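# A structural walkthrough
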Amino acid sequence: MVDFGVGILGTGKYLPDKILTNGDLEKMVDTSDEWIVRRTGMKKRHLLDDNTPSYMMGAEAARLAIEDASLTPMDIDLIIVSTETPDYLTPSMSCLIQKDINAENAAAFDVNAACTGFVYALTIARQFIQTGYYNHILIVANEGLSRIVDWESRNTCVLFGDAAGAVVLGKVDKEYGIRESYLASFGNLGHNLTIPCCYISEEDRQKRGAGKERVIWQDGSEVFTFAVRSMAECVKTVVEKANITIEDVDLIIPHQANLRIINGAAKRLGVEDDKISVILQETGNISSASVPVALDMENKKGRLKKGDTVVLVAFGGGLTCGSILLTWGK
Ligand code: ACO
C-alpha cells in the first residue's frame, strides 16, 4: 500500500489566435449561426495557421503546465501525448515536444484513444508514479482537427477546432489525487467515426468522395446516442467505485462535443448545470484536448478548491470512453 497520492501538480493550455466564428462558416457552407448554436452550443473555434506544426501548441501548453507545477523541463521523467492528429507517424508528437521544451531526461510516447485519449493517458501515467517508477509525468493532449476536416461538409466542419492542453502528474499527500478511473472500448462500433491513415478501404472512399480520403467522417446520430449513454455510465462507474454519491461531486469536466450531449448526460445523472464545466462555445470540439483545456480554465479562474471532488469524463472514436475521479489537491 503506497502512502502517497498521485495528483495534478500543474495545468496549461494553448489555443491558436486565429478564430473561426459561426458567421465565418455561414460564408463557407450552407449553414447558419442559429442552427449551429441550437444543435451544438458552439459559437467559435480556434484554428492553427497552415504553416505551424500542430506540436507547437502542445509544447506551449507543456511549458505552462511545468511552470504551474513549479518544475523545470529537466524534472520530467516521461511525456505521454494523446493525439488523433499527429504531425508525423514518426517521430511521435511526444518526441517532437520533448525536443522543443528540452526535456532531456524524459522518455516519450503517444497514445491514441481519440477524444478519450487524455483520460487514457492520465490513467497510464498514474500507474508509473504509483509503482515508484517515475516521479513527474507530463501529459499533453494535442489536437489539430482543422487538418483532417472536410471544409466543404457542413455535417462536420462546424464542429471542430484546434488546441492543446497539458498537465504534470506527480506525488501528492495521500488524501488527494486520482482516486478511481475507468476505461472502456467498443471496437464493434468503431466504423461510426473514422479518420483513415495508411490504408483506405472502398467503404472509406465511398463515404468521403474523391480527393477527400483522409478526412474525418462520422455517423452523427449513432455517436450522439453512444455519447450520452456512455458519459453517464462512466461518471456513475467511478462514483460507485469511489464509494461516494453523485451529490458528493463538486465539478464534472466532460469532453466538449455538443452541448446537447453534455445536457443529456447531466439529465441522466440528475446533476445541475452549475456542476458541469462547459467551454465548447469558445473552442468547438477539440477532441482529447477538451478535458485538459477545460481543467486549465477552471484551475486558472480559481473554481477548483483544495479538497474538491472532480470527475473527468470523455468518449470518442474507437469507440472509446472513460472517466477519472480525483480529489483536487493543488
Ligand atoms: N447547418 C445546417 N444544417 C445542417 C448542418 C449544419 N452545419 N449539419 C447538418 N445539417 C442538417 C442535415 O443535413 C439534416 O438535414 P435534413 O433533415 O434535410 O437531412 C438536419 O440538419 C439534421 O441533421 P442531423 O445530422 O440529424 O442533425 P443532429 O441534430 O443530429 O446534429 C450533430 C448533428 C451535431 C453532428 C450531432 O449528431 C452530434 O453532435 N453528434 C455527435 C458528434 C460527436 O460527438 N462526435 C464525436 C467526435 S469525437 C472525435 O473523435 C473527433
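Residues numbered from 1 in each chain as written. Predicted model: local features only at pLDDT ≥ 70, side-chain atom pairs only at ≥ 80, totals over all residues. Heavy atoms only, no water.

### With respect to the overall build of the protein
Helices and strands together make up the secondary structure of the protein, namely 11 helices and 13 strands. Taking 2.2 N^0.38 as the reference for a compact globule, 330 residues should give roughly 20 Å; the C-alpha atoms of the protein span a radius of gyration of 19 Å, in line with that estimate. Overall, the C-alpha framework of the protein stretches about 55 × 45 × 35 Å when taken along its three principal axes. Relative to its full complement of 330 residues, the protein shows a buried share of 57%. In the protein, the proportion of contacts linking residues at least 24 apart, taken out of those at least 6 apart, comes to 77%. (Helix = DSSP H or I, 4+ residues; strand = E, 2+ residues; numbered from the N terminus. Rg over C-alpha atoms; globule rule 2.2 N^0.38 Å. Buried < 20%, exposed > 50% of the residue type's maximum accessible area, 1.4 Å probe, protein only. Contact = heavy atoms within 4.5 Å.)

### Quick notes on the site of the ligand
Near the ligand there are 27 residues, and of these Thr31, Arg39, Cys115, Gln218 and Asn258 occur at the shortest range. A distance of 3.2 Å separates an oxygen atom of the ligand from a polar side-chain atom of Glu84. The contact in question runs from an oxygen atom of the ligand to an N or O atom on the side chain of Asn258, over 2.7 Å. Burial of the ligand by the surrounding chains reaches 73%, relative to a free accessible area of 1000 Å². Elements with a minimum of two residues in the shell around the ligand: helix H2 (33-40), helix H6 (154-157), helix H8 (220-241) and helix H9 (259-269). The dominant element in the shell around the ligand, judged by the number of residues it contributes, is H8, at four residues. Partitioning the shell around the ligand into residue classes produces 13 nonpolar, nine polar and five charged. Among the domains, domain 1 (5-174) and domain 2 (178-327) are the pair contributing at least three residues each to the shell around the ligand. (Near = heavy atom within 4 Å. Polar contact = N/O pair within 3.5 Å; in protein donor to acceptor, adjacent residues only side chain to side chain. Areas by Shrake-Rupley, 256 points an atom, 1.4 Å probe, with all protein chains shown as cover. Nonpolar A, V, L, I, M, F, W, Y, C, P; charged D, E, K, R; others polar. Domains from an automatic or database assignment.)

### Re the pattern of salt bridges
Taken as a whole and assessed by the stated rule, the structure comprises 15 salt bridges. Of the charged contacts, one joins Glu60 and Arg63 as a salt bridge, the two residues approaching to 3.4 Å between their closest N and O atoms. A residue pair is termed a helical-turn pair when its members lie 3 or 4 positions apart in one helix, as Glu60 and Arg63 do in helix H3 (residues 55-68) at three residues. The exposure class assigned to Glu60 is partly exposed, which follows from its relative accessible area of 29%. Salt bridges linked by common partners bring Lys13, Asp296 and Lys300 together as one network. (Salt bridge = Lys/Arg side-chain N within 4 Å of Asp/Glu carboxyl O.)

### Regarding the domain arrangement of the protein
By domain assignment, the protein separates into domain 1 (5-174) and domain 2 (178-327). Centre-to-centre separation of domain 1 and domain 2, based on C-alpha positions: 14 Å. Taken residue by residue, the interface counts 48 residues in domain 1 and 49 residues in domain 2. Contact between domain 1 and domain 2 buries roughly 3900 Å² in total, counting both sides, with carbon and sulfur atoms accounting for 63%. Looking at the side of domain 1 facing domain 2, the largest losses of area belong to Cys115, Val119 and Ile148, adding up to 15% of the total buried there. A salt bridge links Lys13 to Asp296, with the nearest nitrogen and oxygen atoms 3.1 Å apart. Taken together, domain 1 and domain 2 are joined by 29 residue pairs in polar contact (both at pLDDT 80 or more). Elements with a minimum of two residues in the side of domain 1 that touches domain 2: strand S1 (5-14), H2, strand S3 (44-46), helix H5 (117-130), strand S6 (137-144) and strand S7 (162-172). Per-class residue counts for the side of domain 1 that touches domain 2 are 23 nonpolar, 12 polar and 13 charged. (Buried area = accessible area lost by both parts, 1.4 Å probe.)

### Here we look at the packing of H8 against H9
Axis separation between H8 and H9 bottoms out at 9 Å; the angle between their running directions is 45°. Taken together, the axes of H8 and H9 are oblique relative to one another. Crossing geometry of H8 relative to H9 is assigned as right-handed. On the side of H8, the interface is formed by Phe224, Ala227, Val228, Arg229, Met231, Ala232, Val235 and Lys236, while H9 contributes Arg260, Ile261, Ile262, Gly264, Ala265, Arg268 and Leu269. (Axes fitted to C-alpha atoms, helices over the stretch in contact; angles between N-to-C directions. Parallel < 35°, antiparallel > 145°, perpendicular 65-115°, else oblique. Left-handed = near helix turned anticlockwise from the far one by under 90°.)

### Quick notes on the sheet that holds strand S13 (residues 320-327)
The four strands lie next to each other as S8-S13-S12-S11, forming an open sheet whose pairing is mixed. Taken across any chain shown, the strands that pair with only one partner, and hence form the sheet edges, are strand S8 (177-185) and strand S11 (251-254). Strand-to-strand, the axes of this sheet are offset by a mean angle of 15°, without reference to chain direction. Against the sheet, helix H11 (residues 290-300) engages S11 and strand S12 (309-316), with an angle of about 145° to S11. (Pairing = 2+ DSSP bridges.)

### Observations concerning the environment of Lys27
In this fold, Lys27 is placed in the loop between helix H1 (22-26) and H2. A residue is classified by how much of its surface remains accessible, and Lys27, at 72% relative accessible area, is exposed. Through-space distance from the C-alpha of Lys27 to that of Ser290 is 26 Å; in sequence the pair is 263 residues apart.

### Observations regarding the pairing of strand S5 (residues 107-111)
Remember that side chains alternate between the two faces of the sheet whenever the strand is regular. Examined bridge by bridge, strand S4 (residues 78-82) and S5 share five bridges and lie parallel to one another. When the bridges of S5 are listed, Leu78 appears paired with Ala107. The β-α-β motif built from S4, the intervening helix H4 (residues 93-101) and the parallel element S5 has right-handed crossover chirality. (Right-handed = clockwise from strand over helix to strand, strands pointing away.)

### A short note on H4
Of the residues making up H4, those classed as buried are Met93, Ser94, Leu96, Ile97, Gln98 and Ile101. Those residues of H4 hidden inside the fold are in contact with H3, S4, S5 and S6. A positive phi of about 60° marks Asn102, the residue just after H4.

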